Amino acid sequence: NINEGDQLLEARLTDGNSQVLIANKGGNAIRFDEAKVRSMGRTATGVRGITLADVKDEAVGMVVVGEEDQNKTILVISEKGNGKRSEIEEYRLTNRGGKGVKTMQVTDKTGAVIAIKSVSEEDDLMITNISGIVIRMAVSDIRVMGRATQGVRVIRLDKNDDIADVAVVRDSDDDEMEEG
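Quick caveat, the model's predicted, so the values are computed rather than measured.

Caption draft 1: How the structure looks around the pairing of strand β3 (residues 59–65). For β3, the tally of buried residues reaches 6 of 7 residues, placing the bulk of the element in the interior. The pairing of strand β1 (residues 19–24) with β3 spans 6 bridges and is antiparallel. If you follow Val20 over to β3, its bridge partner there is Val64.

This is the structure we're talking about:
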């Protein structure tokens, strides 16, 4: 059953052969085949994707990876402005419902994990702070590193500010349309 305060975080279309990655605030992520999730009705509660560490832990995001996404990397951003990209293969394939593996070393300096995204080298990020500041940066500015590291400073924040959300801006032909 869904408890009070629970909410739908993400929904994605899949092709039946995709893999799912789910991350939590505590810095863990799990990767499993979507076939491990049985088909059920629209109003069903669903099945457990990842086991949370405690009552304060929450799922922060989900990524669906298909055959065409093998050249992408997994981006993880923390609320205090750290971020990194890791190769998809660094997340071992397991059954759903487990605790997952470390996706970012969470400390007081990094803050909790706030977002997990699947990104290409050509993509951009839109990062929004709680204070209302929005910045755009290239994904290629964030280097690929090990799964269990703290990452690097992606954005410098004021003492009482945190990252609110991260969105991926896909590479498109919009620039060519403006010139034409």
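Alright, that's what it looks like, and here's the rest.
Caption draft 2: A look at the sheet that holds strand β11 (residues 163–169). Taken together, 3 strands build an open sheet; the order of strands is β9-β8-β11 and the sheet is antiparallel. Across the chains shown, the open sheet's two edge strands, defined by having one partner strand only, are β9 (134–138) and β11. Sheet twist, expressed as the average angle between the axes of neighbouring strands with direction ignored, equals 20°. For strand β8 (residues 124–129) and β9, the ladder comprises 5 bridges, and the chain directions are antiparallel. Counted as the bridge partner of Met126 is Arg136 from β9.

Here is what the cut-offs are and how they apply
- Residues numbered from 1 in each chain as written.
- Predicted model: local features only at pLDDT ≥ 70, side-chain atom pairs only at ≥ 80, totals over all residues.
- Heavy atoms only, no water.
- Buried < 20%, exposed > 50% of the residue type's maximum accessible area, 1.4 Å probe, protein only.
- Helix = DSSP H or I, 4+ residues; strand = E, 2+ residues; numbered from the N terminus.
- Pairing = 2+ DSSP bridges.
- Axes fitted to C-alpha atoms, helices over the stretch in contact; angles between N-to-C directions.

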